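Working through the structure, step by step
Chain residues, written in single-letter form:
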Amino acid sequence: MIDTATHHSAKTVLSIAGFDSIAGAGLQADMKTISAIGCYAVNVLTALPIQNTMGVRSVYPIPDQAVEDQLNCIFDDIYPDSIKIGMLPNPNQVEIVARLLKGYQGSIVIDPVMVSTSGHLLVDQETITLSKALLYPMATLVTPNLDEASMLTECKVSNLEEMNQAADKLIHMGMHAVLLKGGHLDSEKLSSILKIAGQDPEIYESERIASKNTRGTGCTLSSAIASYLALGDTLPGACQKALDYVHHAILAAKDRSLGKGNGPLDHFFKR
């Protein structure tokens, strides 16, 4: 018999993302992160990239109808407390996700997956354009890195001043809030900028960790933010906690040797 006085429902986070054979990025990184933070992960698979730590070899999209069926099946049973959206490989999937999430009452965090860590282009321009029009305005937060911000704004973004300018442009494009990640900055400190519409920007700084094991940092960060939002944190607070989580996950994995390329983080580091 269940003791209802002590039984509590877990906060649920839906990850809509692609697969990673190495389990360091994409849907698997999301599941690890969401679980480590204390929420329950549910999933919709959008694509099957063929990849290892050295790079992406090819990408096979999941059939569009299968993506729609997965979403309907989950919402028929579990209404997630927050949603993280990662790789959507084609315009049809963007349209499906935007249509089915219309009216969703919860936080949506979008990691605009466009280029892999190894430099492989993962989506075409039509998919990017449709995402900007249909999906990003629905989001609580969009989390581009410098390369993705450059593609979205069609302007070079390579320093802190250009990051500020890009954040403003993205807000003017209709986004509610953006966390512009500075992991690709050529500096000893990592600086990320949170810009919420109508508010002054907030800058988060941390020490750069020398490590090749940085696979899936964007996936991990966005799913961590979604998890902390599900747990009730404010957007600035969720971003700070998620950045701290990623920092410690990188630190814990820096001396690990796994694969010949960019290895994964340690999502279950000892706290």
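Our structure's up above, just so we're on the same page.
The notes below deal with the structure included here. (Residues numbered from 1 in each chain as written. Predicted model: local features only at pLDDT ≥ 70, side-chain atom pairs only at ≥ 80, totals over all residues. Heavy atoms only, no water.)

What follows covers the environment of Leu101. If you trace the backbone, Leu101 turns up in the loop between α3 (91–100) and β6 (107–110). Setting aside chain neighbours within four positions, we find Leu101 in contact with Ile16, Leu71, Phe75, Ile83, Ile85, Ile108 and Met138. (Helix = DSSP H or I, 4+ residues; strand = E, 2+ residues; numbered from the N terminus. Contact = heavy atoms within 4.5 Å.)

We now examine the state of the cysteines. Chemically, a disulfide is nothing more than a covalent bond linking the sulfur atoms of two cysteines. Taken as a whole, this structure holds zero disulfides when the rule is applied. No disulfide involves Cys239; its sulfur sits 15 Å from that of Cys39, the nearest cysteine. The class for Cys239 is buried, based on a relative accessible area of 0%. (Disulfide = S-S within 2.5 Å. Buried < 20%, exposed > 50% of the residue type's maximum accessible area, 1.4 Å probe, protein only.)

A separate point is the packing of helix α5 (residues 146–153) against helix α6 (residues 160–172). Viewed as axis vectors pointing N to C, α5 and α6 meet at an angle of 50°, and their least axial separation amounts to 10 Å. As summarised for this structure, α5 and α6 are arranged oblique, according to the angle between their axes. Crossing of α5 over α6 shows left-handed handedness. Contacts between α5 and α6 involve Leu146, Leu152 and Thr153 from the former and Met163, Ala166, Lys169 and Leu170 from the latter. Here the residues of the contact of α5 with α6 are counted per class, giving five nonpolar, one polar and one charged. (Axes fitted to C-alpha atoms, helices over the stretch in contact; angles between N-to-C directions. Parallel < 35°, antiparallel > 145°, perpendicular 65-115°, else oblique. Left-handed = near helix turned anticlockwise from the far one by under 90°. Nonpolar A, V, L, I, M, F, W, Y, C, P; charged D, E, K, R; others polar.)

Among the six residues in strand β1 (residues 12–17), six count as buried, and that is most of the element. Burial along β1 is two-sided: the residues Thr12, Leu14 and Ile16 and Val13, Ser15 and Ala17 are all buried. Of the pairings in the sheet, the one linking β1 to strand β2 (residues 40–45) comprises six bridges and is parallel in character. Note on β2: the bridge partner recorded for Ala17 is Leu45. Crossover handedness for the path β1 to helix α1 (residues 26–37) to β2: right-handed. Across four bridges, β1 lies against strand β5 (residues 82–85) in parallel orientation. If you follow Leu14 over to β5, its bridge partner there is Ile83. (Pairing = 2+ DSSP bridges. Right-handed = clockwise from strand over helix to strand, strands pointing away.)

This part takes up the pattern of salt bridges. By the definition in use, this model includes ten salt bridges. Arg215 serves as the salt-bridge partner of Asp20, at 2.7 Å between the closest nitrogen and oxygen. Placement of Asp20 in the loop between β1 and α1 and of Arg215 in the loop between β10 (202–207) and α7 (217–230) is noted, with a sequence separation of 195 residues between them. Exposure remark for Arg215: the relative accessible area of 6% places this residue in the buried category. The partner of Glu207 in a salt bridge is Lys189, and the shortest N-O contact between them spans 2.6 Å. Of this pair, Glu207 sits in strand β10 while Lys189 sits in strand β9 (residues 189–196), and the two are 18 residues apart along the sequence. We classify Glu207 as partly exposed; its relative accessible area is 45%. Lys189 gets classed as partly exposed once you look at its relative accessible area, which sits at 38%. Several salt bridges converge on common partners, so that one network encompasses Glu68, Glu95 and Arg99. (Salt bridge = Lys/Arg side-chain N within 4 Å of Asp/Glu carboxyl O.)

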